[in-house]
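# Structure at a glance
Each chain, written out:
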Amino acid sequence: MTPARAGLLALLLTLVLDQASKLGLYVGTDLVLTQPWRLAPFADFVVVWNRGVSYGLFQQEGGLGRWLLVALSLAAALGLGIWMMRAGSRLLAVALGLIVGGALGNAVDRAVYGAVFDFVHLHAGGWSWYVFNVADAAIVAGVIGLILDSLSPAGRRGRTAPAPGDPAPRL
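Here's a quick rundown of the structure. Note that the coordinates shown come from a computational prediction; the quantities given were computed from them, not determined experimentally.

A word on the overall build of the protein. Each helix and strand counted, the protein has six helices and four strands in total. Beginning at the N terminus, the succession of helices and strands in the protein can be written as α-α-β-β-α-α-β-β-α-α. Out of the 171 residues in the protein, the part that is buried amounts to 37%. Roughly 9900 Å² of accessible area belongs to the protein as shown, and the carbon and sulfur atoms make up 70% of that amount.

The next thing to look at is the sheet that holds strand β2 (residues 43-50). Overall, antiparallel pairing links the four strands, which are arranged β1-β2-β3-β4 in an open sheet. Edge strands, defined here as strands with exactly one partner in the open sheet, are β1 (37-40) and β4 (127-132). Sheet twist, expressed as the average angle between the axes of neighbouring strands with direction ignored, equals 35°. Here β1 pairs with β2 via three bridges, running antiparallel.

Once that is clear, we can look at the side chain of Gln19. When you line up the elements, Gln19 lands in helix α1 (residues 3-26). Judged by relative accessible area, which is 16%, Gln19 ranks as buried. A polar side-chain atom of Gln19 sits 3.2 Å from a polar atom in the side chain of Asp109. Setting aside chain neighbours within four positions, we find Gln19 in contact with Gly105, Val108 and Asp109.

Right, let's talk about the packing of helix α4 (residues 90-113) against helix α5 (residues 134-151) for a bit. Relative orientation of the contacting elements α4 and α5 amounts to 155°, with a least axis distance of 8 Å. One element, α4, and the other, α5, form an angle in the roughly antiparallel class. Note that α4 runs across α5; the crossing there is left-handed. For the pair α4 and α5, the contacting residues are Leu91, Leu92, Ala95, Leu96, Leu98, Ile99, Gly102, Ala103 and Asn106 in the first and Ala135, Asp136, Ala138, Ile139, Ala141, Gly142, Val143, Gly145, Leu146, Leu148 and Asp149 in the second. Within the contact of α4 with α5, the residues separate by chemical class into 14 nonpolar, four polar and two charged.

Before going further, it helps to spend a moment on the packing of aromatic side chains. Considering all chains together, one arrives at ten aromatic pairs under this definition. Here Trp49 and Tyr113 contribute two aromatic rings whose centre-to-centre distance is 5.3 Å and whose plane-to-plane angle is 55°, an arrangement assigned as tilted. Of the two residues, Trp49 sits in strand β2 while Tyr113 sits in helix α4, which places them 64 residues apart along the sequence. Between the aromatic rings of Trp129 and Tyr130, the centroid separation amounts to 5.2 Å while the plane-to-plane angle is 50°, which identifies the pairing as tilted.

Scoring rules and cut-offs
- Residues numbered from 1 in each chain as written.
- Predicted model: local features only at pLDDT ≥ 70, side-chain atom pairs only at ≥ 80, totals over all residues.
- Heavy atoms only, no water.
- Helix = DSSP H or I, 4+ residues; strand = E, 2+ residues; numbered from the N terminus.
- Buried < 20%, exposed > 50% of the residue type's maximum accessible area, 1.4 Å probe, protein only.
- Areas by Shrake-Rupley, 256 points an atom, 1.4 Å probe, with all protein chains shown as cover.
- Pairing = 2+ DSSP bridges.
- Axes fitted to C-alpha atoms, helices over the stretch in contact; angles between N-to-C directions.
- Polar contact = N/O pair within 3.5 Å; in protein donor to acceptor, adjacent residues only side chain to side chain.
- Contact = heavy atoms within 4.5 Å.
- Parallel < 35°, antiparallel > 145°, perpendicular 65-115°, else oblique.
- Left-handed = near helix turned anticlockwise from the far one by under 90°.
- Nonpolar A, V, L, I, M, F, W, Y, C, P; charged D, E, K, R; others polar.
- Phe/Tyr/Trp six-rings, centres within 6.5 Å; stacked < 30°, edge-to-face > 60°.

Any functional reading would require information that these geometric values do not contain.
Here you go:
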């Protein structure tokens, strides 16, 4: 499978899983009325509407802010999508596909609901992690993939420079 196809597959799987999980919980259950749902001693399903960006920063109550965040998400997805289609490795393409799929999933929420539907809450003792969704988890996994790709010898070369010992390109 080519890197571009692997990236597109990651993008589509992320978008479908994200939207299916949100619709399933929001429309298909009574989570809104009966939350929290205890999944494990350290994890609950809850309903949180995030009108901002990561970790609830830059909360936007008005329509202008909402649509600016949608436009920003779509612009980032377009730029990262172009990079994904040109990626020279599957790791890089899949990492970018996860990020793009997550950005699009959250952009759909903002456009449809005016906020992002977050529902997974991790906690232990007095410690509480922020509430997130499948799109957020995919974005984090994608960023980890970008870091791993940059640490690989091929990633550090940028994949456009020839490796040591490769013949010089013909002009």
